[in-house]
Amino acid sequence: MQFKTKRLQESTLFWPFMVLVLLLLINAFLTRGFFTIEWKDGRFSGILVDILNRSTYIGIIAIGLTLVISTGGIDISVGSVVAISGAIAAYLIGGELVLQGDQQILVTRTPMGVAIVAALAASLLLGMWNGLLVSRLRIQPIVATLILMVAGRGIAQLVTNGQIITIYYKPYYFIGNGTLLGIPFSIYILLAVLILVILATRRTALGLFFESIGVNRTASRYSGIQEQRIVFWSYAFCAFCAGVSGLLVSSNVKSADGNNAGDLFELDAILAVVIGGTSLNGGKFNLAGSILGAIIIQTLTTTIYSIGVPPQVNLVIKSIVVFLVSMLQSENFRALFQLNRKNKLIRSAV
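Residues numbered from 1 in each chain as written. Predicted model: local features only at pLDDT ≥ 70, side-chain atom pairs only at ≥ 80, totals over all residues. Heavy atoms only, no water.

### A word on the packing of helix α9 (residues 206–215) against helix α11 (residues 227–253)
Two measures define how a pair of helices packs: the angle their axes make with one another and the distance between the axes.
Phase 1: Packing of α9 against α11 leaves a shortest axis separation of 10 Å and a crossing angle of 105°. Comparing the axis directions of α9 and α11 gives the class roughly perpendicular. Judged by residue contacts, F209, F210 and I213 of α9 engage E227, I230, V231 and S234 from α11.
Phase 2: Taken together, the residues of the contact of α9 with α11 break down into 5 nonpolar, 1 polar and 1 charged. (Axes fitted to C-alpha atoms, helices over the stretch in contact; angles between N-to-C directions. Helix = DSSP H or I, 4+ residues; strand = E, 2+ residues; numbered from the N terminus. Parallel < 35°, antiparallel > 145°, perpendicular 65-115°, else oblique. Contact = heavy atoms within 4.5 Å. Nonpolar A, V, L, I, M, F, W, Y, C, P; charged D, E, K, R; others polar.)

Now the structure itself:
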């Protein structure tokens, strides 16, 4: 029994899960109706449902970012890609109410399917640009993605002409606001992406390739792994995930803001991956842990707002939580803690 408890505590998901349980217990006492889930207008509603729904924005990005980080890289441009994806979709769909006689008729620039494909294709191309800089030109990942992080905001504002584009096309709202069997449709999108990536990385050798590149990129290349191609497509897929998140965000708020959409999403996604147990040094990764990290971040944000803490303190509290979870997950910290505990037992015995 003691051996099983020890193994459980050494799991990368143990401490993040305990942090989530702690946050839920805090809300049970401080937030009225936190665990209440009701059926209204053909859908489940409640604070927990809202947390799961909003955590999908960061969760989908975290899936792609987990693969990038597993190779020893980083992508800080995902927030800008979110803005670009939403801006392209909103611009192509547009939507204007035109009076024809006594009736108002909605007119769109392009079909919704074309707009979605164009937004995702643009996101994929941006990711391929990052992948080219990192895998072929050997530019440091943080520098390569910093270029798109800065330029991407300008691109998004060029698409929106510096204005907030309102989307009037109601079918587009379903992506971020619709429900299926009473559950938000965005959760199904997150699960679909997660399952596909898990199958690709855990049912094939692809996951081992990612981890091998993260541990030793040169040795992986000499062992026959096409590390340049894998790194290239990891950045492309990460941007694609950011593009999907951009569609969810723009659909949810029914508009596109090139300046503020996806702001600080890159930091939240990195925090989610780190909380989930994936090391920034590369190597082993945990996709389920990244999703758990995204839920923790959204739960923490909701808790801060619900108990009346000023929003300015949000980032400070996030950093403290990430620091504590990272320390608890650190093998060196746990070894030091156990060593101090043994020394105290020895002294007490003497």
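### Observations regarding unusual backbone geometry
Phase 1: In this model, R138 sits at a positive phi of 60°, which is unusual for a non-glycine residue.
Phase 2: The exposure class of R138 is partly exposed, given its relative accessible area of 41%.
Phase 3: Located in the positive-phi region is L181, a residue other than glycine, with phi close to 60°.
Phase 4: Along the chain, L181 turns up in the loop between β6 (179–180) and β7 (183–184).
Phase 5: According to the relative accessible area criterion, L181 is exposed, its value standing at 71%. (Buried < 20%, exposed > 50% of the residue type's maximum accessible area, 1.4 Å probe, protein only.)

### Description of the pattern of salt bridges
Phase 1: Enumeration according to the criterion identifies 5 salt bridges in this entry.
Phase 2: Two residues, E227 and R221, come together in a salt bridge whose shortest N-O distance is 3.1 Å.
Phase 3: The exposure class of E227 is buried, given its relative accessible area of 2%.
Phase 4: The network of salt bridges with shared partners includes R138, R217, R221 and E227. (Salt bridge = Lys/Arg side-chain N within 4 Å of Asp/Glu carboxyl O.)

### Observations regarding a nonpolar patch on the surface
Phase 1: A cluster of nonpolar side chains, L22, I26, F29, L30 and I307, forms an exposed patch at the surface whose accessible area comes to about 520 Å².
Phase 2: Along the chain, the position of I307 falls in the loop between α13 (287–306) and α14 (314–329).
Phase 3: Using a relative accessible area of 38% as the deciding quantity, one classes I307 as partly exposed. (Patch = residues over 30% accessible without salt bridge, like charges linked within 9 Å, V, L, I, M, F, W, Y side chains within 5 Å. Areas by Shrake-Rupley, 256 points an atom, 1.4 Å probe, with all protein chains shown as cover.)

### Description of α13
Residues separated by three or four positions in an α-helix point in the same direction, a consequence of the helix having 3.6 residues per turn.
Phase 1: Over its 20 residues, α13 extends 29 Å from the first C-alpha to the last, a length consistent with the 28 Å expected when each residue adds 1.5 Å.
Phase 2: Across the 20 residues of α13, 17 count as buried, placing the element largely inside the fold.
Phase 3: Where α13 ends, the next residue or the one after it, G308, has phi of about 85°, a positive value. (Expected span 1.5 Å × (residues − 1).)

### Regarding the nonpolar core
Phase 1: Membership of the largest hydrophobic core comes to 79 residues, with the highest contact counts inside it found for I63 and Y172.
Phase 2: At 11 residues, α11 tops the list of elements feeding residues into this core.
Phase 3: Apart from residues no more than four positions distant in its own chain, I63 is found in contact with L190, V193, L194, V197, F237, L287 and I291. (Core = buried A, V, L, I, M, F, W, Y, C linked by side-chain atoms within 4.5 Å.)

### Observations regarding the confidence of the model for the protein
Phase 1: Of the residues in the protein, 85% reach a pLDDT of 70 or more, and the chain-wide mean stands at 83.
Phase 2: Confidence over residues 1–6 falls short of pLDDT 50; this stretch has 0 contacts with residues more than four positions distant or in other chains. (pLDDT = per-residue confidence, 0-100.)

### Structural notes on the side chain of S77
Phase 1: Topologically, S77 is positioned in the loop between α3 (47–70) and α4 (78–93).
Phase 2: Not counting residues within four places of it along the chain, the set of residues in contact with S77 comprises N130, T145, L148 and M149.

### Side note on the environment of L315
Phase 1: The topology assignment puts L315 in helix α14.
Phase 2: Here L315 falls in the exposed class, since its relative accessible area comes to 51%.
Phase 3: Separated by 47 residues in sequence, L315 and D268 have C-alpha atoms that sit 9.8 Å apart.

### What to know about α9
Phase 1: Among the residues of α9, G207, F210, E211, I213 and G214 are the ones counted as buried. Relative to the axis of α9, the buried residues are bounded by an arc of 160° and lie together on one face. Structural note: α9 exposes L208 and V215 on the side pointing more than 90 degrees away from its buried face.
Phase 2: Buried-residue contacts for α9 involve α3, α8 (185–202), α10 (217–222) and α11. (Arc of directions from axis to C-beta.)

### Things to note about the state of the cysteines
Phase 1: Tallied over the entire structure, the rule returns 0 disulfides.
Phase 2: With no disulfide of its own, C238 has C241 as its nearest cysteine by sulfur position, at a separation of 6.6 Å.
Phase 3: Accessibility expressed as a relative area gives 2% for C241, which makes it buried. (Disulfide = S-S within 2.5 Å.)

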